[in-house]
Amino acid sequence: MIDEKPIYVGHLRAEILLIDYLLKNNINQADHLNLVEISISKIPCLLCSSYIDALNKKYHRYFYSSDATHGKAYTKWIYRDNEDPSIINLINDKLIEQIQHLIKK
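Residues numbered from 1 in each chain as written. Predicted model: local features only at pLDDT ≥ 70, side-chain atom pairs only at ≥ 80, totals over all residues. Heavy atoms only, no water.

## Side note on the environment of Ile 19
Part 1 of the argument: Relative to the helices and strands, Ile 19 resides in helix α1 (residues 14-24).
Part 2 of the argument: By relative accessible area, Ile 19 is classed as buried at 0%.
Part 3 of the argument: Measuring from C-alpha to C-alpha, the distance between Ile 19 and Asn 56 comes to 9.8 Å, with 37 residues separating the pair along the chain. (Helix = DSSP H or I, 4+ residues; strand = E, 2+ residues; numbered from the N terminus. Buried < 20%, exposed > 50% of the residue type's maximum accessible area, 1.4 Å probe, protein only.)

Structure, rendered in structure tokens:
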């Protein structure tokens, strides 16, 4: 018998999971009389905030309306499956920017 445990790779954050579900199922507010909303109970991390902004632009959506972020970046943070390379590059650039800023401090 072979024990096949999944390899743990990271965390897809809750707000990104919700957005992923809405995008994969093509659920739009316009189609549902503005009944589709997500709510975030905490200020998002740097990467989630930037990621949500990038997803909004790519999919012409409005999932998040504030530029507020606590500025932290977490280990094992991951993208949605099969994410667009342009979005990955954008988020990676944002992370590099943050690292360079911290080094200068």
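## Some details on the packing of helix α2 (residues 46-59) against helix α3 (residues 85-104)
Part 1 of the argument: Their axes nearest at 10 Å, the elements α2 and α3 cross at an angle of 150°. Taken together, the axis directions place α2 and α3 in an arrangement best described as roughly antiparallel. In the crossing of α2 with α3, the sense of the turn from one axis to the other is right-handed. Two secondary-structure elements touch here, α2 through Leu 46, Leu 47, Ser 50, Tyr 51, Ala 54, Leu 55 and Lys 58 and α3 through Ile 87, Leu 90, Ile 91, Lys 94, Leu 95 and Gln 98.
Part 2 of the argument: Considered class by class, the residues forming the contact of α2 with α3 number 9 nonpolar, 2 polar and 2 charged. (Axes fitted to C-alpha atoms, helices over the stretch in contact; angles between N-to-C directions. Parallel < 35°, antiparallel > 145°, perpendicular 65-115°, else oblique. Left-handed = near helix turned anticlockwise from the far one by under 90°. Contact = heavy atoms within 4.5 Å. Nonpolar A, V, L, I, M, F, W, Y, C, P; charged D, E, K, R; others polar.)

## A word on the packing of α1 against α2
Part 1 of the argument: In the contact formed by α1 and α2, the axes pass within 11 Å of each other and the chain directions differ by 15°. The orientation of α1 with respect to α2, classified from their angle, is roughly parallel. Crossing of α1 over α2 shows left-handed handedness. Note on element contacts: α2 touches α1 through Cys 48, Tyr 51, Ile 52, Leu 55 and Tyr 59, opposite Glu 15, Ile 16, Ile 19 and Leu 23.
Part 2 of the argument: Here the residues of the contact of α1 with α2 are counted per class, giving 8 nonpolar, no polar and 1 charged.

## Concerning the pattern of salt bridges
Part 1 of the argument: Going through the model one piece at a time under the given rule, you end up with 5 salt bridges.
Part 2 of the argument: The salt bridge involving Asp 20 is made with Arg 80; its shortest N-O contact spans 2.9 Å. Of this pair, Asp 20 sits in helix α1 while Arg 80 sits in the loop between α2 and α3, placing them 60 residues apart in sequence.
Part 3 of the argument: With relative accessibility at 10%, the residue Asp 20 sits in the buried group.
Part 4 of the argument: We note a salt bridge from Lys 57 to Asp 53, for which the minimum N-O separation is 3.3 Å. Remark: Asp 53 and Lys 57 occur in helix α2; sequence separation between them is 4 residues, near one turn of the helix.
Part 5 of the argument: We classify Asp 53 as partly exposed; its relative accessible area is 37%.
Part 6 of the argument: A single salt-bridge network, built from bridges that share partners, covers Asp 20, Lys 24, Arg 80 and Glu 83. (Salt bridge = Lys/Arg side-chain N within 4 Å of Asp/Glu carboxyl O.)

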